[in-house]
Amino acid sequence: MNEPKASELCLLPLERLKSDPDALQGDFLHYLNRHLGRFLGCSPNYMYAAMAYTLRDRLITDWRDTWIEYKEPGVRRAYYMSLEFLIGRSLGNHILNMGLETEVEQALHDMLLDTEEILGNEPDAGLGNGGLGRLAACFIDSCATLQLPVIGYGIRYEYGMFRQKLLNGRQVEEPDHWLRDGNPWELERPEYTQRIHFGGHTEIYKDERGRNRVRWVDTNDVLAIPYDLPVSGYGNNTVNTLRLWKATTTDEFNLDEFNAGSYTEAVAAKNDAEHISMVLYPNDASESGKVLRLRQQYFLASASLQDAIRIWEYAEGGPHYERFARDNVFQMNDTHPTIAVAELMRILIDEKHLDWDDAWNITTACMAYTNHTLLPEALEKWPVAIFKQLLPRLLEIIYEINARFLEKVAMKWPGDTERLRRMSIIEENGEQYVRMAYLAIVGSFSVNGVAALHSQLLVDGLFRDFHALWPEKFNNKTNGVTPRRWIAHANPKMTGLISSQIGEEWISDLTRIAELKAYADEEEHAEFHEAWREVKRENKKRLAALVKKECGIDFPLDSLFDIQVKRIHEYKRQLLNVLHLIHLYSRIKRGDTDNWVNRCVLIGGKAAPGYEMAKDIIKLINNVAHMVNNDPDVGDRLKLVFFPNYSVSSMEVIAPGADLSEQISTAGKEASGTGNMKFMMNGALTIGTYDGANIEIMDAVGEENFFLFGLRAEEVQEMRHQYNPAGFIDEDSDLQAVMQLLESGYFNAREPGIFNNIINAMKSPSDPWMTLADFRSYVDAQQRVNEAWHYKHAWTRMSILNTACSGFFSTDRTMQQYNEKIWKLDPVTVGE
Ligand code: 26W
C-alpha cells in the first residue's frame, strides 16, 4: 500500500464522537478533572467551561468538513465584515442546534447538576453596542442554517460592551473583561496571522517592466491573529466560522532605541499595537472621531481582505484575478469597515500589480454596503489630516477614486458645481473630511437600508444624488431576528406548545408559524388559549424573579408587563414613556382610577458614556421609580424599574415575559428596530409609531392587533418649521399636570435642578424628537391598551396572532433575500 501524502492525510475522515448522556458525561468529567483540574462541587463557571469543551469537540468534525467544502475551487463565498458581533451566550444555542437538549440535561442531571445554572455561567460575548451588532449575530446564525458559505469577520475585543451598574440612580460603567476565564469556544489560528501597516509614507518606483508603481514604506506594522468561533446551523452539519482578529506586536524593535540602552522603552512601545483590539467603542449612533477607532476599522478591513484573498488563492490554485469577483463578495455592516473599498484597491494595485481599471472593476463587483441609520451625527467622516498620518497610501487611493468619480458626475450634470460639492467623497468646508458613506456607495454594487421606510427615506433624502446617478444600486432588505435564539432557545415553553400543534418545521422555516392563525379563535380552541395564557404566565414568573433579583421590586403576575429595552437615546424616546408614567402616577394621586389596569413597567438599556442627556434620562427613570414604588397610594397599580445592564442574555428572559412592547421612536428616526420583532414573536403586542419595521409588523399582524399612534415621518418633517411645544402643553391638561409635577422638583426634591436639561430640551421649539407633539396620541393609545387588556380572551387572540404573523421577521428570510439579490451564493451541503 502506498503511503498517503500529507495533503491526503488532512482529508482523512475524523471520527464522530458519540453524544449519548454517558459519552457526554465522560467527556465533561475529563475536561473538568484533567484539563481544568477542577472537580464536581467547584465553582459552576468551570462546569460551564467543561460542557462547552465537550460540545465543541462534537462540532469540530462538521466544522472541518464545512471548511473543506468551502475551499473547493469555484465555491462563491460571502464575507460579512462588521466591527460588532453581539453574540451573547453560545452553549445553549449550540445544544439546540445539535438537538442535544435531552442528552445534555440527562448527563448533568445524573451528576446532580442543573443545566440552567450551568448555562447561566457563560459570560455574554458583548462585542457590540445594540441593534447593528445583534443583527450581525442573527445573520450568521441564519447563514449557517441556510447552509450558505458566509464567513463573519470581526474584532476580538478584550473588553466588550461595558457592564452597567447604578449608583444613586445614575449609570456607572464597569469594564467587561469577558475573556478573563478564557473562551472555550475559540480556536486561535496563528498560522493565518496577517500583517497590517500604519503610518510611514509612500514613494514611487519603477517595476521590472519600467512602469511607475507606488510603495508604502517605513510603516509601523501590527499583526492580526485570527481566533475562530464555530457558528452551527440548526439541525444540519454546517458549522460556519466567525473569525475575530486580535492585534499584537511584531517582534521587530527599533534597534537604535534598543542599542541606546532603552530596552524597556522599546519593548513597552509595542503595547500600542495591542491597544487596537483592546476595547469596543461604546458609542451607539454618534461618531467619536478617535484615531484608535480608525485604526480598528483599517485593522479589521485589511486583515479580513488579506485573509479572504489567501483563502481564494488557495482554492483557485493561483492569482487568476479575472475570477476574483466571481468567487467573492464582501458585505460591509454600516460604514465602519468601508475603508475596505480603498484597501482592496491597494492590495490589487500595489501588491497584485493589477492596473487601476481592472482593480476598480473587481472592487465594485465585490463590495456591498448596508446603511443602518439616518441620524446625521452617526455618519462617519474622518479628518483628512488623520488619514494622511495614519493611512497615507489609502488617502491617495481615495483621492484618486474621488477624482474619477467626480469626472463621471460632471459628465452627467455638466456645470453643476454645487452637485459636485455635495457628492464629493471629500467634504471641503473648512477642515477636510473623508465621507465614509459616500466612499461606500461609490465603491459598491449594492447599497441597502434595513426596513422599507428606511430604504425609501435613504433614496429620497440622504443618498438622493447617488440614487439619481445609480438607481440600480439601491435596495431594501428588511431586518429580522433568528427564531432559534429568540423563540426556540429563549422560550422553550411556547416552543413546545406551538410544536405540539403544528410540528417543529417552523423553527427552520418561520413562514410555517402562520399555521397558528387557525388557532386564534377562542371558541374552537379553548384549551390552546388556556395553555397559551399559562405559558405567558410562566414566562412572566421567570421575568418577575429576575426583576426581583436585579431590582428588588415585586412584579405581580396579573399586571400588564409593559417593556421598553434598547439603547438609551433621545430619538427612541424613553422620555415619552416616562411622561406617560408620570401621567399614570398623577392619575392615581388624584383618585382617577376607574377601570384601572395594573402595570409593571420595565425600562432598560445602556447610555453611551459621554452622552449626558441619555445618562440624565436613566437618572430620571430611577427617580420616578423610587417615588412610584414607595408611595403607599400606588400599591400594585403601578410598578416601575430600571433594569440594569440590559444584554442579550437578559433579553432572552425579558421578551418571553412581555405583554406590551414599547417601540415609540420619533417617526423617521429608527432605521428598523429588531427588539420589536423579538417581542412580537414571543406574543407581546406592540404600541408603536409609524417608524422603521414597526410599519411592516403592523402590516403583517393587522392594524386591529397593533396600538399605533403619533406623527408620521412626513408630518414630523412638516411640523419641524413651526414646532410649538408650549402649544401642546397649553391645550392638554394632562400634559400640563405632568410637566408641572416634573418642573416642581417632585422627583428630585433633594437634587434641585438635575432634570432641567431634560425639561428644557422637551420644551424647546427646536426639539428634534418632538416628544410633546406625540404625548396626547401616546396616552390615548395606552388607554386603548388598557381597554383591550380587560378582555382577556381578545388579548390572548391578539397575542397568538402576533406570534402567528411574525414569519416574515426571521433572518432566514432576510438572508435569503440578501443571497438572491446581492450575494448569489449556492448553498453547500456538508457531510451528506
Ligand atoms: C460610529 C458610531 C456608530 C455606532 C453605531 C454609529 C452608528 C451606529 C449604529 C447606527 C448603531 C445601530 O445599532 N443601528 C441600528 O441598527 C439596527 C440594525 O439594522 C436597526 O434595527 C436600528 O434601527 C438601528 O438604530
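Structural notes, computed from the coordinates. Since this is a predicted model, take the numbers as computed values, not measurements. (Residues numbered from 1 in each chain as written. Predicted model: local features only at pLDDT ≥ 70, side-chain atom pairs only at ≥ 80, totals over all residues. Heavy atoms only, no water.)

### Regarding the packing of aromatic side chains
Worth spelling out the cut-off: Two rings from Phe, Tyr or Trp (for Trp, the six-membered ring) form a pair when their centres are within 6.5 Å of each other. A pair whose planes differ by under 30 degrees is stacked, one over 60 is edge-to-face, and the rest are tilted. A run of DSSP states H or I qualifies as a helix once it reaches four residues; a run of E qualifies as a strand once it reaches two. Both are numbered from the N-terminal end. Residue burial is assigned from relative accessible area. The probe radius is 1.4 Å, only protein chains are included, and a residue is buried under 20% of its type maximum, exposed over 50%, and partly exposed in between. Distance and angle both matter: a charge sits over a ring if NZ of Lys or CZ of Arg is within 6 Å of the ring centre and within 35 degrees of the ring normal.
Tallied over the full model, the rule gives 31 aromatic pairs. Taken together, a centroid distance of 6.2 Å and an interplanar angle of 55° make the contact between Trp216 and Tyr298 tilted. Of this pair, Trp216 sits in strand β10 (residues 212–217) while Tyr298 sits in helix α11 (residues 291–316), and the two are 82 residues apart along the sequence. By the burial criterion, Trp216 is buried, and Tyr298 matches it. Look at Phe405 and Trp470: their rings are 5.6 Å apart centre to centre, the planes differ by 35°, and that puts the pair in the tilted class. Of this pair, Phe405 sits in helix α16 (residues 392–412) while Trp470 sits in the loop between α20 (464–469) and β19 (474–476), placing them 65 residues apart in sequence. Each member of the pair, Phe405 as well as Trp470, carries the same accessibility label: buried. Here Arg712 stacks its cationic end above the ring of Tyr690, 3.8 Å away from the centre of that ring.

### Let's talk about helix α33 (residues 775–790)
Stated precisely, the cut-off is as follows: Residue count minus one, scaled by 1.5 Å, sets the expected span of a helix.
Its 16 residues place the ends of α33 23 Å apart at the C-alpha level, agreeing with the 22 Å of an ideal helix rising 1.5 Å per residue. Turning to α33, its buried residues number three or more, namely Phe775, Tyr778, Val779, Ala781, Gln782, Val785, Asn786, Ala788 and Trp789.

### Brief notes about empty space enclosed by the protein
What counts, and what does not: Using a 1 Å grid laid over the protein atoms alone, points where a 1.4 Å probe fits but cannot get out form a cavity; open sets with protein on both sides within 12 Å along at least 5 of 7 lines form a pocket; any residue with an atom within 4 Å of a point counts as lining. Grid points are joined across faces, edges and corners, and a volume is the space filled by probe spheres set on the points. Here the nonpolar group is Ala, Val, Leu, Ile, Met, Phe, Trp, Tyr, Cys and Pro; Asp, Glu, Lys and Arg are the charged ones; every other residue, Gly included, is treated as polar.
In this structure the tally under the stated criterion is three cavities of 30 Å³ or more. Approximately 60 Å³ is the volume found for the largest cavity. For the lining of the largest cavity, a count of residues per class yields one nonpolar, six polar and four charged. Roughly 40 Å³ of internal volume is contained in the second largest cavity.

### Here's the deal with the pairing of strand β8 (residues 194–198)
Each regular strand shows side chains that alternate between the opposite faces of the sheet. The cut-off we apply is this: Any two strands between which DSSP finds at least two bridges are classified as paired.
The buried fraction of β8 is high, at four of five residues. In this sheet, strand β11 (residues 220–232) lies alongside β8 in antiparallel orientation, the contact comprising five bridges. Looking at β11, one finds that His197 is bridged to Asp221.

### A word on the nonpolar core
Rules: Think of a nonpolar core as a cluster: buried Ala, Val, Leu, Ile, Met, Phe, Trp, Tyr and Cys residues, connected wherever their side-chain atoms sit within 4.5 Å. Note on contacts: a residue pair qualifies if any of its non-hydrogen atoms lie within 4.5 Å across the two residues.
Core analysis: the biggest nonpolar cluster contains 144 residues, and Phe299, Ile339, Phe387, Leu391, Ile401 and Trp823 have the highest contact counts within it. Once residues within four sequence positions are removed from consideration, Phe387 is found in contact with Leu294, Ile339, Trp382, Pro392, Leu394, Leu395, Ile398, Val434 and Met436. With 60 residues, the next largest nonpolar core counts Cys138, Met681, Ile697 and Phe809 among its residues.

### Notes on the sheet that holds strand β25 (residues 707–708)
Convention followed: A fitted line through C-alpha atoms represents every axis, and for helices the fit uses only the stretch in contact; the resulting angles, taken between N-to-C directions, go from 0 to 180 degrees.
Strand order across the open sheet formed by six strands is β22-β21-β20-β23-β24-β25, with parallel pairing between neighbours. Edge strands, defined here as strands with exactly one partner in the open sheet, are β22 (638–643) and β25. With two bridges connecting them, strand β24 (residues 685–688) and β25 associate as parallel partners. Bridging from a neighbouring strand, Ile687 pairs with Phe707 of β25. Running at roughly 145° to β22, helix α25 (residues 612–630) makes contact with β21 (599–604) and β22 of the sheet.

### Topic: the site of the ligand
In plain terms, the rule: Nearness here has a simple test: a residue counts as near a molecule or strand if at least one of its heavy atoms is within 4 Å of that partner. Here a polar contact is taken to be a pair of N or O atoms separated by no more than 3.5 Å, where protein atoms must pair a possible hydrogen donor with a possible acceptor and residues adjacent in sequence count only if both atoms sit in side chains. Residue-level accessible areas treat just the shown protein chains as cover; the underlying method is Shrake-Rupley with a 1.4 Å probe.
Lining the immediate surroundings of the ligand are 21 residues, of which Leu132, His372, Asn479, Glu670 and Gly673 lie closest. Taking Tyr571, its side chain carries an N or O atom lying 3.2 Å from an oxygen atom of the ligand. Surface burial for the ligand is 96%, taken as the share of its 560 Å² of free accessible area covered by protein chains. In terms of residue class, the shell around the ligand is built from seven nonpolar, ten polar and four charged.

### What to know about the pairing of β22
Using the following cut-off: With strands facing away from the observer, any crossover in which the path from the first strand over the helix to the second runs clockwise is taken as right-handed.
Taken across its six residues, β22 has six buried, putting it largely inside the fold. Side chains Leu638, Leu640 and Phe642 project from β22 onto one buried face, and the interleaved Lys639, Val641 and Phe643 project onto a second face that is buried too. Where β21 lies against β22, six bridges are found, and the strand directions are parallel. Bridging from a neighbouring strand, Val601 pairs with Leu640 of β22. Note on the crossover from β21 through α25 to β22: the handedness is right-handed.

### Topic: α11
Between the first and last C-alpha of α11 there are 37 Å, a value that for 26 residues agrees with the 38 Å anticipated at 1.5 Å per step. Gly317 sits one or two positions beyond α11 and adopts a positive phi of about 80°.

### A look at the packing of helix α2 (residues 21–35) against helix α5 (residues 101–110)
Selection criterion: Throughout, the term roughly parallel applies to angles under 35 degrees, roughly antiparallel to angles over 145, roughly perpendicular to angles from 65 to 115, and oblique to all others. Note on convention: the crossing is left-handed when the near helix lies turned anticlockwise from the far helix by less than a right angle, right-handed when the turn is clockwise.
Two elements in contact, α2 and α5, have axes whose closest approach is 8 Å; the angle formed by their N-to-C orientations is 60°. As far as their axial angle goes, α5 and α2 are oblique. When the axes of α2 and α5 are compared, the crossing they make is right-handed. Where α2 abuts α5, its residues Pro21, Leu24, Gln25 and Phe28 lie against Glu103, Val104, Gln106, Ala107, Leu108 and Asp110. Here the residues of the contact of α2 with α5 sort into six nonpolar, two polar and two charged.

### Some words on the sheet that holds strand β16 (residues 426–427)
Strand order in the open sheet formed by three strands is β15-β17-β16, with antiparallel pairing between adjacent strands. Both outer strands of the open sheet, β15 (381–383) and β16, are each paired with one neighbouring strand and no more. Relative to strand β17 (residues 433–435), β16 runs antiparallel, the two sharing two bridges. For Ile426, the partnering residue across the bridge sits in β17 and is Val434. Along the sheet face, helix α18 (residues 436–443) touches β15 and β17 and points at about 45° away from the line of β17.

### Quick look at the environment of Thr54
Structurally, the position occupied by Thr54 is in helix α3 (residues 44–70). With relative accessibility at 0%, the residue Thr54 sits in the buried group. A C-alpha to C-alpha distance of 9.1 Å links Thr54 and Gly26, two positions 28 residues apart in sequence. With residues near it in sequence (within four places) discarded, Thr54 still touches Leu24, Asp27, Phe28 and Tyr31. Among the polar contacts made by the side chain of Thr54, one reaches the main-chain carbonyl oxygen of Ala50 at a distance of 2.6 Å.

### Digging into unusual backbone geometry
Among all residues except glycine, the phi angle is most often negative; among peptide bonds, the trans geometry is most common. One non-glycine residue with positive phi stands out, namely Met770, at about 45°. Of note, the phi angle at Lys824 is positive, near 55°, even though the residue is not glycine. Relative to the elements of secondary structure, Lys824 occurs in the segment after α35 (811–823).

### Re the side chain of Ser424
Take Ser424: it is sitting in the loop between α17 (417–423) and β16. Relative accessible area serves as the criterion here: at 5%, Ser424 is assigned to the buried category. Separated by 2.8 Å, the side chain of Ser424 and the backbone oxygen of Ile426 make a polar contact. Ignoring anything within four residues of it in the chain, the contact list for Ser424 reads Asn402, Leu406, Arg435 and Tyr438.

### Concerning the pattern of salt bridges
In plain terms, the rule: Salt bridges are defined as contacts in which a side-chain nitrogen from Lys or Arg sits within 4 Å of a carboxyl oxygen from Asp or Glu.
Counted according to the given criterion, the structure contains 65 salt bridges. Of the charged contacts, one joins Arg484 and Asp141 as a salt bridge, the two residues approaching to 3.1 Å between their closest N and O atoms. With Arg484 in helix α21 (residues 483–489) and Asp141 in helix α7 (residues 131–145), the pair connects residues that are 343 residues apart, well separated along the chain. When the shortest N-O distance is used, the salt bridge between Asp732 and Arg776 registers 3.0 Å. Of this pair, Asp732 sits in the loop between α30 (725–731) and α31 (733–743) while Arg776 sits in helix α33, and the two are 44 residues apart along the sequence. In the salt-bridge network here, residues are joined through shared partners; they are Arg587, Arg590, Asp592, Asp732, Asp734, Arg776 and Asp780.

Worth remembering: the numbers are spatial, not functional.
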